[in-house]
Amino acid sequence: MARKAITGNGAVALALKQVEPDVMAAYPITPATEIAQNYAQYVANGDVVTEYIAVESEHSAMSAAIGSASAGARTITATSSQGFALMWEMLFIASSLRLPITMPVVTRALSGPINIHCDHSDSMGGRDCGWIQLYGEDAQEGYDNVIQAFRIGEHMDVRMPVMTMIDGFIISGAIGPLDALEDDEVKKFVGDYKAVNPLLDVDNPVTIGAFDSLGGWYFEHKISQNRAMENAMKVIEDVGREYGELTGREYAHFKTHEIEDADIVLVAIGSAAGNVKTVVKKLRAEGRKVGVLKVRTFRPFPTEQIREALSGAKVIGVMDRSDSFGAQGGQLFTEISAAMYGGESHPQIYNFIYGLGGRDIFPDDIEGAVEMLEKAAAGEKLEQKRHYLNVREG
Amino acid sequence: MAKPKELANKPERLTGGHRLCAGCGAPINVRQVMSVCPGPAVVSVSTGCLEVSTTIYPYTAWKDSMIHSAFENAGATISGVETAYNSLKKQGKIKDDMYFVAFGGDGGTYDIGLQSLSGAVERGHNFVFVCYDNGAYMNTGFQRSGATPRGAWTTTSPVGKESAGKQQNRKDLTAIMVAHDIPYAATASPHNFKDLMTKAEKAFATPGPAFLNVISPCPRGWRTPGDQTIALAKEAVQSCYWPLYEVENGKYKINYKPKGDKKTPVADWLKKQGRFAHLFKLENSEEVLAEIQDYIDRKWEELLKKEECLV
């Protein structure tokens, strides 16, 4: 195992290279381009057996990935923002065909206005498309999640596509430390790919993507997808544990820091979880009872475990890097609220929307949020449920 | 080409029992093309009549592996399948030789599927794309497409006080495919099965992409009797509405040239189809029909010149 300095995109591309899938179909898009171009270079250098399809759009990237995975090949792509949005139609088809495609997503704001910087409106917008979603905080987690994604998606109890997120520019473009595995360790961990009912089995031809309308089995097929998601809950944990045995970095659905006796818990996802942790450390040193819960698995959502973990909190602050217009709050907020509603304890829950279009979030912003939550914990009722951090108007 | 009798004795690769309409041109074209496919194939079909009628879950009419995922992406989908095949074959995980075919209607080829087809052809995947051109979005109930001929009634080029059907001429898709420097492109018609199957054989033998544009009469959308499908396809060719030609590595060859009286007036062909009935009741009927004829004649002359120059 070697420690190296690498960009988030570089770490993700390296993980993909070490897995060495059969086919990659990709289209460039800022800030994910580096993943595609690094991989194209690996192919050009003859470092991998992978065949690379330089498609003419992300819609075709996902369509070609669907063709390739249906044919029986281990298949990857990567995208961001508008590319993710252009794939939208095909994301649902990939999951309904139960194709374990792995797709790193470098999160970026959706137009308009056009903006190339980080927020989660792309991946959060895709939360209902039937893909497993794993969010990473930094390059290391981005790398680790990609390797685990193959094991999770290809597990026979799951057979679902997996997307792994890293934050655009903040992680994708920044150079950070990475403890990389050796190629053979990755290959051994991931194992050989087992195709199910592939198109290329000439002795057993199959029809994939049949018309399943009124009088058919559409409803039951949808239920089977949900069952696969339920199965994925355990598989994600098992794979995370096994990965921990190999690397010393164990993964679960989420990670907590200082929440055992915390009155106030901030829930965050993606790179900002690291910023929140830094602030929490400072506040703890001041004797303030604050903790943080970092979400890794957003789909399937680990409802019961998160409810249990947050059951001791008086006030919860949920930090969303994407908004949902006209809804009660961001996607993480509504998810956490719904989880807590089903529990015995009923903490107050507030939503902090931050970082849209790459807007910076400073330690002071996070401290400000905690101060608000402390007032709420002391019995003061906050006027609004939803707050925006570091915006120019009130 | 093998003898028709031999071909007729080969097992069907698109079986009976599918739900396409009586007289539909699509399955006739598919069966003719597939009958000369030299080995096992994977077929990619865009959303449309052919797809919904041949794969009603849990049944399938396809004897080869078949994939449908969406409307606009038959080209991209088959390029993924073909690339997977190349990867697995190179790695020694697959032994058999296989063929890759995509079928799209004119909507899934001329319009919504054009980008995906263009990309797949430009990248040079080894596949055959077959467009069954029935001249409108028939699956959704007869809406105009880029392939709908001028004057045709459809539900989105309706006939009314202000409109006499579609205002525009068709898109020349075969020319667009030729502009990709595709190794092989051809038009064909089901009435001339020898020509169609010879072209399909050539398409399968072509390394890299090949494109076949096959006219496919639609009794429902054309407002014609189901037993007239083949006759209508034949007359489309005789009138030069649908010339039969092929372009091999940039060289044009017209496969059928009606001489003198054999080139029939397009109005005779239009008259037989309900979708053009209104044209014959217009005050300026003669003028409109003359314009339609002029366009067909101009395209035909153009084609003759291309054949003369691009040899």
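Further up the page is the structure itself.
Residues numbered from 1 in each chain as written. Chains lettered and ligands numbered in written order. Predicted model: local features only at pLDDT ≥ 70, side-chain atom pairs only at ≥ 80, totals over all residues. Heavy atoms only, no water.

(A) Looking closely at the environment of Ala41(B). All names here are of chain B. For Ala41, the position within the fold is in strand β1 (residues 41-45). Considering only alpha carbons, one finds Ala41 and Glu291, 250 residues apart in sequence, at a separation of 44 Å. Setting aside chain neighbours within four positions, we find Ala41 in contact with Arg13, Met34, Asp64, Ser65, Met98, Tyr99 and Val101. (Helix = DSSP H or I, 4+ residues; strand = E, 2+ residues; numbered from the N terminus. Contact = heavy atoms within 4.5 Å.)

(B) Quick peek at the sheet that holds β1(B). A sheet is described by the order of its strands in space; here 9 strands give the open sequence β9(A)-β2(B)-β1(B)-β3(B)-β4(B)-β8(B)-β7(B)-β9(B)-β10(B), paired in mixed fashion. Each end of this open sheet is capped by a strand with a single partner; those strands are β9 (207-208) of chain A together with β10 (251-254) of chain B. By the bridge criterion, 5 bridges tie strand β3 (residues 99-105) of chain B to strand β4 (residues 128-133) of chain B in an arrangement that is parallel. From the neighbouring strand, Phe103(B) faces β4(B), where its bridge partner is Val130(B). Lying on the sheet, helix α2 (residues 25-35) of chain B is in contact with β1, β3, β4 and β8 (210-215) of chain B; it crosses β3(B) at an angle near 165°. (Pairing = 2+ DSSP bridges. Axes fitted to C-alpha atoms, helices over the stretch in contact; angles between N-to-C directions.)

(C) Inspection of the side chain of Ser79(B) at higher detail. Relative to the elements of secondary structure, Ser79(B) occurs in helix α4 (residues 74-90). Among all residues touching Ser79(B), those that are not within four sequence positions of it are Ile53(A), Ala64(A), Ala120(B), Arg123(B) and His125(B).

(D) Spatial organisation of the packing of aromatic side chains. According to the stated counting rule, one finds 16 aromatic pairs over all chains in the structure shown. A centroid spacing of 6.1 Å and a plane angle of 65° characterise the contact between Tyr243(A) and Tyr251(A), whose relative ring orientation is edge-to-face. Taken individually, Tyr243(A) and Tyr251(A) each receive the classification buried, so the pair is uniform in this respect. Plain terms: the ring middles of Phe71(B) and Tyr137(B) are 6.2 Å apart, the flat faces sit at 85° to each other, and that makes the pair edge-to-face. With Phe71(B) in the loop between β2 (65-67) and α4 and Tyr137(B) in the loop between β4 and β5 (159-160), this residue pair connects regions lying 66 residues apart in the sequence. For Phe71(B), a relative accessible area of 26% gives the class partly exposed. An aromatic cluster is built from Trp222(B), Tyr241(B), Trp269(B) and Phe276(B), whose rings are joined through pairwise contacts. Against the face of Tyr350(A) rests Lys385(A), its NZ or CZ located 5.3 Å from the ring centre. (Phe/Tyr/Trp six-rings, centres within 6.5 Å; stacked < 30°, edge-to-face > 60°. Buried < 20%, exposed > 50% of the residue type's maximum accessible area, 1.4 Å probe, protein only. Lys NZ or Arg CZ within 6 Å of the ring centre and 35° of its normal.)

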